[in-house]
Structure formats: C-alpha cells, structure tokens
Amino acid sequence: MSVLLVHGAGSSIDHNFRRIGWIDLLEAAGRTVIGYHLPGHGDGPPPDQARGEEIVDDLVRRLEGVGPVDAVGFSAGAQLLAATASRDPSRFRRLVLLGVGNGVLRPNPAGPLRLAAALADEDEDGGVGRLFRRMARSAGNDVDDVRRYLEIPKPAVDPDALAKVDAKVLVLLGDRDFNAPADDLAAAFGQAALRVLPGVDHFGLASDVRCLDAVLAFLDTPDGGD
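What you are looking at is a predicted structure, and each value in this text was computed from that prediction instead of being measured.

Tell me about the sheet that holds strand β1 (residues 2–6), residues and numbers included.
One open sheet holds the six strands; their spatial order is β2-β1-β3-β4-β5-β6, and the pairing between them is parallel. Where the open sheet ends on each side, the last strands, each with one partner, are β2 (32–36) and β6 (192–197). If you compare each strand with its neighbour and ignore which way they point, the axes differ by 15° on average. Helix α3 (residues 53–62) contacts β1 and β2 of the sheet and is inclined by roughly 155° relative to β2. Of the strands in this sheet, β1, β3 (69–74), β4 (92–98), β5 (168–174) and β6 are in contact with helix α10 (residues 209–220), which crosses β4 at around 165°.

And the structure:
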C-alpha cells in the first residue's frame, strides 16, 4: 500500500518526515512512500505557476494511476489533503491530518499573509518570521519562494463535501497548537477520530513519538476495524 506524505509550509519531505524517522518506519512496514512538495518547496512547482485549485490539480495528477492511497499531511500539507478529499471523496483510503484545526473550514488569508510579510523582513530579530526563515533554509528552500507560496490563495475546503469522504480520518494535534481546537473539523468528516496530545505545540508534533505511534497504528488498522 502506498502512502502519500505532504509537508508543512517552509519545510520539505526530508525535513518534515525523513530526518525524524517517518519514512524509514513506513518503508520497513512495506509501504511505498510518495512525497509531494508544495509549490516553492523542494522539487515542487514554482510558486508563481500555482494558484488555488491548481495546487489540488497538480497533486491529483501526481496520483493518477496509483488508486486509493493512504495520506499524511502536516499543517499546510494537511490543509491541501483536506481540500483534495473534499473535491474527490474517493481519492484516499485513510487520511491523517496533523497540526490543523477548525480554521481549515473557515480559512483566514490574513495569517499566511502576515507570515509572508515576516519572512520578507530580514531585519526582524525574533518571532515567527525568524523561525520560519531558519526552518526554510534548513530544509534547503529559498525563503523568497516560500514567501510567494504563502501569498497564494489556498484551495478551498467544502465542509459539506467532507461528509462524503470515503476515507477513515485521523485528526491529530497538540493541545498547545495555535491551530487548535479541531473538533468541528473532525466532526465534518463521516468517519473521523480526533486525538489531542497533551503538552505538544505545533512545531513539536511530528517529532513526538506519540504522534508517530498513533499514525502508524491508524494506518495499519485493517479495513473494517475501529
């Protein structure tokens, strides 16, 4: 069974998943890993060649001929997976959304635009802009490409369509995540479980062993299981 991984803004597949052991464990379990880079990240399309729904189009093209897959997305990657599932309810078998909350249903473009402005301010000596610049460079990304990606209007998620999604869904985040809560998001799906990890913030989620254990157990649950 293939598993699709989609990273968060400023990161990459290696940075978000490989360095902390996700890919090794998935491959050891017999999974074929498909990595998808957001526009302006890694080998993803240039950010000025993608707009809104075109990002979903590009991801769907990458999955042509693969059949229903399991998918795991973190933050912006999870938002993209939710948008893809709302357009194509049969695309995924199991779907894991990490580090996102109810804002996926009611997106506010002001947040990404503020982050883009902070990335552009090289004189900023602290705060989220500095953190994201450091992360983007550590992941091998061009900071200006990441900034331009953040300025792209993101694909919409249709809450009514989420109820028709065939996949079983796990929504998982920390109780200190700035994207919490996620109860409305989980409830929008027909088959979704919500798990909140105590003491975990947004940036520590993917590297928390409880997160990895929960995701691996969820992906390995036989069809028809709880």
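Account for the side chain of aspartate 208, with residues named and values stated.
Within the secondary structure layout, aspartate 208 lies in the loop between β6 and α10. Looking at aspartate 208, the relative accessible area reads 16%, which means it is buried. In this structure the side chain of aspartate 208 is engaged in a polar contact, spanning 2.8 Å, whose partner is the backbone nitrogen of arginine 210. Every residue in contact with aspartate 208, bar those within four places of it in the chain, is listed here: Leu197 and Val200.

Requested: an account of the nonpolar core, with residues and values cited.
Buried together is how nonpolar side chains tend to be arranged in soluble globular proteins. Judged by nonpolar contacts, the single largest core of 49 residues is most densely connected at Leu4, Leu81, Phe92, Leu95, Leu97 and Leu185. The element best represented in this core is helix α4 (residues 76–87), accounting for seven residues. The residues contacting leucine 81, other than those within four sequence positions of it, are Leu4, Val6, Leu59, Ala71, Val72, Gly73, Phe92, Leu95, Val96 and Leu97. Residues Phe74, Leu170, Leu197 and Leu216 belong to the second largest nonpolar core, which totals 24 residues.

Could you give me a rundown of the pattern of salt bridges, with the residues and numbers involved?
Per the counting criterion, the structure on display carries 13 salt bridges. A salt bridge links aspartate 88 to arginine 91; the shortest N-O distance between them is 3.2 Å. Between aspartate 184 and arginine 106 there is a salt bridge, with the nearest N and O atoms lying 3.8 Å from each other. You can see aspartate 184 sitting in helix α9 (residues 183–188) and its partner arginine 106 sitting in the loop between β4 and α5 (110–120), a full 78 residues away along the chain. Three or more residues joined by partner-sharing salt bridges are found here, namely Asp144, Asp145, Arg147, Arg148 and Glu151.

Any details on the environment of alanine 28? Residues and values, ideally.
Tracing the sequence through the fold places alanine 28 in helix α2 (residues 22–28). C-alpha separation for the pair alanine 28 and proline 153, spaced 125 residues apart in sequence, amounts to 37 Å.

Can you explain unusual backbone geometry? Please cite residues and give values.
Here alanine 180 and proline 181 are connected by a cis peptide whose omega angle stands at 0°. Residue placement: proline 181 occurs in the loop between β5 and α9. For serine 75, which is not a glycine, the phi torsion comes out positive at approximately 55°. On the secondary structure map, serine 75 appears in the loop between β3 and α4.

Calculation rules
Residues numbered from 1 in each chain as written. Predicted model: local features only at pLDDT ≥ 70, side-chain atom pairs only at ≥ 80, totals over all residues. Heavy atoms only, no water. Pairing = 2+ DSSP bridges. Helix = DSSP H or I, 4+ residues; strand = E, 2+ residues; numbered from the N terminus. Axes fitted to C-alpha atoms, helices over the stretch in contact; angles between N-to-C directions. Contact = heavy atoms within 4.5 Å. Buried < 20%, exposed > 50% of the residue type's maximum accessible area, 1.4 Å probe, protein only. Polar contact = N/O pair within 3.5 Å; in protein donor to acceptor, adjacent residues only side chain to side chain. Core = buried A, V, L, I, M, F, W, Y, C linked by side-chain atoms within 4.5 Å. Salt bridge = Lys/Arg side-chain N within 4 Å of Asp/Glu carboxyl O.

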